[in-house]
Amino acid sequence: MKIVLIGATGMIGSAVSNELKEHEIISAGFKNGQYQVDIENRDSIEAMFEDVGQVDAVISTTGLIAFAPLNELTIEQFRMTINNKILGHINLLQIASQYIRDGGSITFTSGYVAQNPMPGSSSVSLVNAALDAFVKAAALELGSKLRINTVSPRFVKETMTLMGMDSTDGVSAVDTANAYRHAIESNETGKAFDVVDYI
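Residues numbered from 1 in each chain as written. Predicted model: local features only at pLDDT ≥ 70, side-chain atom pairs only at ≥ 80, totals over all residues. Heavy atoms only, no water.

Colleague: So what's going on with the pairing of strand 6 (residues 146–152)? Residues and values would help.
Modeller: Across the seven residues that make up strand 6, a large majority, seven, are buried. Here strand 5 (residues 100–109) runs beside strand 6; their pairing, made up of six bridges, is parallel. Bridge pairing links S105 to R147 in strand 6. Strand direction decides the pairing type here: strand 6 and strand 7 (residues 192–194), joined by three bridges, are parallel. (Buried < 20%, exposed > 50% of the residue type's maximum accessible area, 1.4 Å probe, protein only. Helix = DSSP H or I, 4+ residues; strand = E, 2+ residues; numbered from the N terminus. Pairing = 2+ DSSP bridges.)

Colleague: Would you mind going over the packing of aromatic side chains in detail, with residue names and values included?
Modeller: Throughout the structure, instances matching the rule amount to two aromatic pairs. Centroid distance F49 to Y99: 5.4 Å. Interplanar angle 20 degrees. Geometry classified as stacked. Taken as a pair, F49 in helix 2 (residues 42–52) and Y99 in the loop between helix 3 (75–96) and strand 5 lie far apart in primary sequence, 50 residues in all. With respect to burial, F49 and Y99 carry one shared label: buried. When the ring of F193 is compared with that of Y198, the centres are 5.9 Å apart and the planes differ by 85 degrees; the resulting orientation is edge-to-face. For F193, a relative accessible area of 3% puts it in the buried group. (Phe/Tyr/Trp six-rings, centres within 6.5 Å; stacked < 30°, edge-to-face > 60°.)

Colleague: Got a sec to walk through a nonpolar patch on the surface? Specific residues and values, please.
Modeller: Together, M11, F67, M118, F155, L162, M163 and M165 line one region of the surface with nonpolar side chains, adding up to about 690 Å² of accessible area. Among the residues examined, M163 registers a relative accessible area of 55% and is labelled exposed. (Patch = residues over 30% accessible without salt bridge, like charges linked within 9 Å, V, L, I, M, F, W, Y side chains within 5 Å. Areas by Shrake-Rupley, 256 points an atom, 1.4 Å probe, with all protein chains shown as cover. Salt bridge = Lys/Arg side-chain N within 4 Å of Asp/Glu carboxyl O.)

Colleague: Explain helix 2 to me, using residue names and the numbers behind them.
Modeller: Looking only at helix 2, the buried set comprises S44, I45, M48, F49 and V52. Viewed end-on, helix 2 has its buried residues packed into an arc of 125 degrees, placing them on one side of the element. Residues of helix 2 that are exposed and point more than 90 degrees away from the buried face comprise D43, E50 and D51. Contacts from the buried residues of helix 2 go to strand 1 (2–6), strand 2 (24–29), strand 3 (35–36), strand 4 (55–60) and helix 3. Two or three places before D43, at the start of helix 2, stands the capping residue N41, its side-chain oxygen 2.9 Å from that residue's backbone nitrogen. (Arc of directions from axis to C-beta. Contact = heavy atoms within 4.5 Å. Polar contact = N/O pair within 3.5 Å; in protein donor to acceptor, adjacent residues only side chain to side chain.)

Colleague: Talk me through the environment of L64; I want residue IDs and the actual numbers.
Modeller: Looking at the element boundaries, L64 is found in the loop between strand 4 and helix 3. Once the C-alpha coordinates of L64 and V124 are considered, the two residues, 60 residues apart in sequence, prove to be 9.5 Å apart. The residues touching L64, leaving out its near neighbours within four places in the chain, are M80, T81, N84 and K85.

Colleague: Give a detailed account of the side chain of N91, specifying residues and quantitative values.
Modeller: Note on placement: N91 falls in helix 3. Relative accessible area serves as the criterion here: at 12%, N91 is assigned to the buried category.

Colleague: Describe the pattern of salt bridges, listing the residues and the values that go with them.
Modeller: Per the stated rule, a full pass over the model turns up six salt bridges. For the salt bridge of E19 with R181, the shortest nitrogen-to-oxygen distance reads 2.6 Å. Note that E19 is positioned in helix 1 (residues 11–19) and R181 in helix 6 (residues 173–185), a separation of 162 residues in sequence. Of the residues examined, E19 reaches a relative accessible area of 22% and is grouped as partly exposed. A salt bridge links R181 to E185, with the nearest nitrogen and oxygen atoms 2.7 Å apart. With R181 and E185 both in helix 6 and four residues apart, this pair spans about one turn of that helix.

Colleague: Lay out the environment of G88 in plain terms, naming residues and giving numbers.
Modeller: Among the structural elements, G88 can be located in helix 3. Residue G88 is classed as buried on the basis of its relative accessible area, which comes to 0%. In sequence terms G88 and E40 are 48 residues apart; their C-alpha atoms lie 4.5 Å from each other. Excluding residues within four positions of it along the chain, G88 makes contact with I39, E40 and N83.

Keep in mind these numbers describe shape, not what the thing actually does.
Following this line, the structure appears as structure tokens:
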């Protein structure tokens, strides 16, 4: 398969790229990768796909989020999180769908805190839950032409270690990547795949 992977150089994106190495991976990111793309900018997305052409799948592991206590979050931080994580991925779907072959797939990344919030996750839980709900609704209209799903990672062990956190309950980036393989290889659509189901 020919796959565009946005966020390919991040912790999860790198693991996904390695997991799917038998496919043709086109790496993209805000600053790194074969293509630089800003998912908040429709012209940027369009320019990338005009150059890349038809693909079989698109995976996005990107998304700017603000994680902080509710009484410390500014409305600008909420707006940034919403603009990037929700509206950015709507941009991506609307444009990428014109370049994905019939029966292909697009996979976004939400997160465990969508349904299992924790202190400090109000903006993150908001956008991740919205992304899961959007995918369920979009799948009803896209039908069999284009499958759309989210992968819901837990805290990644490697990231927790870098942050000085206890990583006992985390899931490694390598194990997380398994759920993305399922997303592009299965026939399911409108789903939020919890990574622990694919370890």
